[in-house]
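For reference, the chains in residue letters:
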Amino acid sequence: MELSVIINIVGITAYSLLAIFFLWVMLVPNILSRTFFWLISVLAILFGRLNLYFLPEYLAQQEIQTIYMFLLIVEKVFLVLGLYYFFNKRISVNYYVKVFSFAITAFVLIIGLKYGADASFIAMIVFSTCQAFFLLYIMKMLYHKKKHMYLNQPFFILSLFVFYAIHWLTYPIALNYPLWLTYGYLFGNVLNLIIYLYLAYLVLERFQYRMLKAETSALELLDEAKKANRTKSEFLANMSHEIRTPINGVMGMLELLQDAEMKTEYKEKINIAFTSSKILLDVVNEVLDYSKIEAGKLSLEYIEFDLINLFTEVFHTMENLANNKALSLTLDTDLIISRHVKSDPLRIKQILFNLIGNAIKFTEEGEIIVKAKQVHKANVDYLVCSIIDTGVGIDEDKLATVFESFQQADSSTTRNFGGSGLGLSISKQLSQLLKGDITVESVENQGSMFTVTIPLEIIEDFTFESTELDTTDIPKWQENTKILLVEDNRINQVVAIQLLKSFNLVCDVAENGAIAIAKLKLSLRIDTPYTCILMDCQMPTLDGYETTKRIRSGECGGLYKKVPIIAMTANAMTGDREKCLATGMNDFISKPIEREVMSKVLKSWISEK
């Protein structure tokens, strides 16, 4: 087999593979126009090789040569266009006109010389010069873009274009020397394949560059998202502290006033103010809970509890709200077979409060029925609770959106009934976190039925110990019981002092951690140590966390290494309690401070007579 035939077969195979590669690259989004030109270029030279291999039996050598010249000119035209677009991302109409005008002019001149003037040799010189010009022009483009050639030594590739151009300039002479022509044909084909392999390399390197750039952008976006999330968490924590601090003052004073003797009309106004402040606190808590759920940081606990007692507590709490609107609130727990279960009672209460509260809010007359039962399905026990009301109902078209955040049935709902639009969304997400769900059925102007289904673990051997505290009985503390209140806010100081006073406890006040440490040291010198420390967390000069660490390290004396330190903070975000305990505090009271909660915590840590 002759060398020229072998070169053609190898060339056909190589260019076929390159055509498949560029076609495959074309299928990648946003890359079509980048490789479209080079695909046409490869197809042109592939057809040129097929022309040389298959057509000699059917056409004269002169026609085969003309077809080959045409295909090689087409190849170089699209090679130029492809490279120009690869580097510049666009091709102007003027540039198309220049390139095609040059190519058409050259081909028309070749045809005229070859067939009109019978000057085949001169036509071959024009063709060879045209090929050399295209190659040198490509080399010029690469030289100007050598920083984007993805090569440490770009001059090797650039020099190949020079050698290839010289090869074409000597081609008309080589036609008269068979040996030169044969090995020149081999040399030219090798150079051409190297050029196309380099173009394939450019495409792959561009892919890699884009992938790295996309990965870098994704990492930057991830960092920005994390930073934004941290900023949001810090903002919510600060807002929680700033909002809860004044609410604590308002609710604390109102709660103390409720116990004072005064005219009935004044008591009613105080009760209204206290109820309003609790509603405001509920809105704040809803926003915080929503942010925790959204961030995936809401903590759940699975503990044993009495299900009947839970429903009874919720019922008695919501009964007053229903009575205020002259509504009948009925609780049916007859179908609860096993009252002793394991789940998260706090979150179940929150779901029930939201659903029953919504039913009361949207019902002007009639009744609300709470039906609870236990169902056993697929070896799993479920709590199924339906809250049925005779309220305004929900339009069928709006049922799909009632569980979305900040959504209510229509815009007038917020005006008529108020609310943040988060209650149902939070309830739905809480039930899903508990591996359950909430569904709704409703008829407009007739009422609604919300059904919550939550899996439970039935506890067979359960000893229930009541944690109810009789807050009407004031504890009798041991003599010399003394509290140190570390709090910078004047309103919170007054609230805490008055609450402690109602428990027959006296306290000293330190405005920040530094003063607290000084008072603790002084107390040991005068032999009047403190029994318990109530510690705010966010304070100027020295905050509660650092103060606690220094107390636990023994800076204030060995006696205070184990003294009860109770965090009393307006921070209510996920991890705040854990952070307090990790620094050495013993317990945690969230502001606004509730009288019953404070009584329970104090009894846990201060000895009674």
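As a starting point, this report considers the structure included with it. Position labels on residues start from 1 in each chain and follow its written sequence. Where local features are concerned, this predicted model is filtered to residues with pLDDT of at least 70; where side-chain atom pairs are given and counted, the filter is 80 or more; whole-chain, interface and lining totals use all residues. Side-chain calculation: all heavy atoms of the structure are included, whereas hydrogens and water are not.

Helical segments are the DSSP runs of H or I of at least four residues, strand segments are the runs of E of at least two, and each set is numbered from the N terminus. Broken down by element type, the chain carries 18 helices and twelve strands. For each residue, the accessible area found with a 1.4 Å probe, counting protein chains only, is set against the maximum for its type, and the residue is called buried under 20%, exposed over 50%, and partly exposed in between. Split into buried and exposed, the 609 residues of the chain put 44% on the buried side.

Let's shift gears to the layout of surface pockets. Empty space among the atoms becomes apparent when a probe as large as a water molecule is rolled across them. Whether a set of points on the 1 Å grid over the protein atoms alone is a cavity depends on a 1.4 Å probe fitting there but being unable to get out, while an open set qualifies as a pocket with protein on both sides within 12 Å along at least five of seven lines; lining residues are those with an atom within 4 Å of a point. Grid points are joined across faces, edges and corners, and a volume is the space filled by probe spheres set on the points. Approximately 650 Å³ is the volume found for the second largest pocket. In this structure, the second largest pocket is lined by 31 residues; those nearest its centre are Leu 52, Gln 61, Tyr 68, Tyr 171 and Tyr 185. Among the secondary structure elements, those contributing two or more residues to the lining of the second largest pocket are helix H1 (3–26), helix H2 (32–54), helix H3 (61–88), helix H5 (120–144), helix H6 (155–169) and helix H8 (178–258).

Let's shift gears to a nonpolar patch on the surface. On the surface, Leu 136, Val 162, Phe 163, Ile 166 and Phe 187 cluster together to form a nonpolar patch covering roughly 430 Å² of accessible area. In terms of residues, the nonpolar patch owes the most to one element, H6, which gives three residues. Here Phe 163 lies in helix H6. The residues that make up patches have over 30% relative accessible area and no salt bridge, and they are joined within 9 Å when like-charged or within 5 Å when they are Val, Leu, Ile, Met, Phe, Trp or Tyr. We get accessible surface area from the Shrake-Rupley algorithm with a probe of 1.4 Å; when it comes to residues, only the shown protein chains can shield them. Salt bridge, as used here, is a side-chain nitrogen of Lys or Arg placed within 4 Å of a carboxyl oxygen of Asp or Glu.

Moving on, we come to unusual backbone geometry. One non-glycine residue, Ala 378, adopts positive backbone phi at about 50 degrees. Looking at the secondary structure, you find Ala 378 in the loop between strand S4 (367–377) and strand S5 (380–389). Phi is positive for Asp 527, close to 60 degrees, though the residue is something other than glycine. Within the secondary structure, Asp 527 sits in the loop between helix H15 (513–525) and strand S10 (532–535). Exposure remark for Asp 527: the relative accessible area of 64% places this residue in the exposed category.

Next up on the list: empty space enclosed by the protein. This structure, assessed with the given rule, holds two cavities of 30 Å³ or more. Counted as a void, the second largest cavity has a volume near 40 Å³. Every residue lining the second largest cavity is listed: Phe 311, Val 314, Phe 315, Leu 331, Leu 352, Ile 356 and Val 370. Listing elements by their share of the lining of the second largest cavity, those giving two or more residues are helix H10 (307–324) and helix H11 (345–361). When residues of the lining of the second largest cavity are assigned to their parent elements, the largest contribution, three residues, is made by H10. Each residue is assigned to one class: nonpolar for Ala, Val, Leu, Ile, Met, Phe, Trp, Tyr, Cys and Pro, charged for Asp, Glu, Lys and Arg, and polar for all the others, Gly among them. Residues belonging to the lining of the second largest cavity are distributed by class as follows: seven nonpolar, no polar and no charged.

Moving on, we get to the packing of aromatic side chains. Note on aromatic contacts: the rings of Phe and Tyr and the six-membered ring of Trp form a pair at centre separations within 6.5 Å, being stacked when their planes are under 30 degrees apart, edge-to-face when over 60 apart, and tilted otherwise. Scanning all chains against the criterion turns up 23 aromatic pairs. Between the aromatic rings of Phe 37 and Tyr 85, the centroid separation amounts to 6.2 Å while the plane-to-plane angle is 50 degrees, which identifies the pairing as tilted. Pair noted here: Phe 37 is in helix H2 and Tyr 85 is in helix H3, with a separation of 48 residues, a long-range link. According to the relative accessible area criterion, Tyr 85 is buried, its value standing at 17%. On the numbers, 6.1 Å between centres and 75 degrees between planes, the contact of Phe 78 with Phe 100 is edge-to-face. Here Phe 78 is found in helix H3, whereas its partner Phe 100 is found in helix H4 (residues 93–116), with 22 residues between them in sequence. Two conditions define a charge sitting above a ring: the NZ of Lys or the CZ of Arg must be within 6 Å of the ring centre, and it must be within 35 degrees of the ring normal. Taking the ring centre of Phe 403 as reference, the NZ or CZ of Lys 428 above it sits at 4.6 Å. For the cation-ring pair, Lys 579 lies above Tyr 545, with the distance from its terminal atom to the ring centre recorded as 4.3 Å.

Moving on, we come to the pairing of S10. Side chains Cys 532 and Leu 534 of S10 all project onto a buried face; the interleaved residues Ile 533 and Met 535 project onto the opposite face, where all are buried too. When strand S8 (residues 483–486) meets S10, the two strands line up parallel, connected through four bridges. Across the sheet, Val 486 pairs through a bridge with Met 535, a residue of S10. Any two strands are treated as partners once DSSP identifies two or more bridges connecting them. By the bridge criterion, three bridges tie S10 to strand S11 (residues 565–569) in an arrangement that is parallel. Paired with Met 535 across the bridge in S11 is Ala 567. Viewed along the sheet, the connection from S10 through helix H16 (residues 544–552) into S11 turns out right-handed. Classification remark: right-handed applies to a crossover when, strands pointing away from the viewer, the course from the first strand over the helix to the second runs clockwise.

The next point concerns the sheet that holds S11. As summarised here, the arrangement of the five strands in space is S9-S8-S10-S11-S12, forming an open sheet in which the pairing is parallel. Both outer strands of the open sheet, strand S9 (507–510) and strand S12 (587–590), are each paired with one neighbouring strand and no more. Averaged over all neighbouring strand pairs, the angle between strand axes comes to 20 degrees, with direction disregarded. Bridge count for S11 against S12 is four bridges, and the pairing is parallel. Paired with Thr 569 across the two strands is Ser 590, which belongs to S12. H15 rests against S8, S9 and S10 of the sheet, and its axis sits at about 160 degrees to S8. Working rule for contacts: check all heavy atoms of both residues, and any pair within 4.5 Å makes them a contact. To obtain each axis, a line is fitted to C-alpha atoms, and for helices this fit is confined to the stretch in contact; angles are then taken between N-to-C directions over 0 to 180 degrees. This element, helix H18 (residues 595–605), spans S10, S11 and S12 of the sheet and lies at about 165 degrees to S12.

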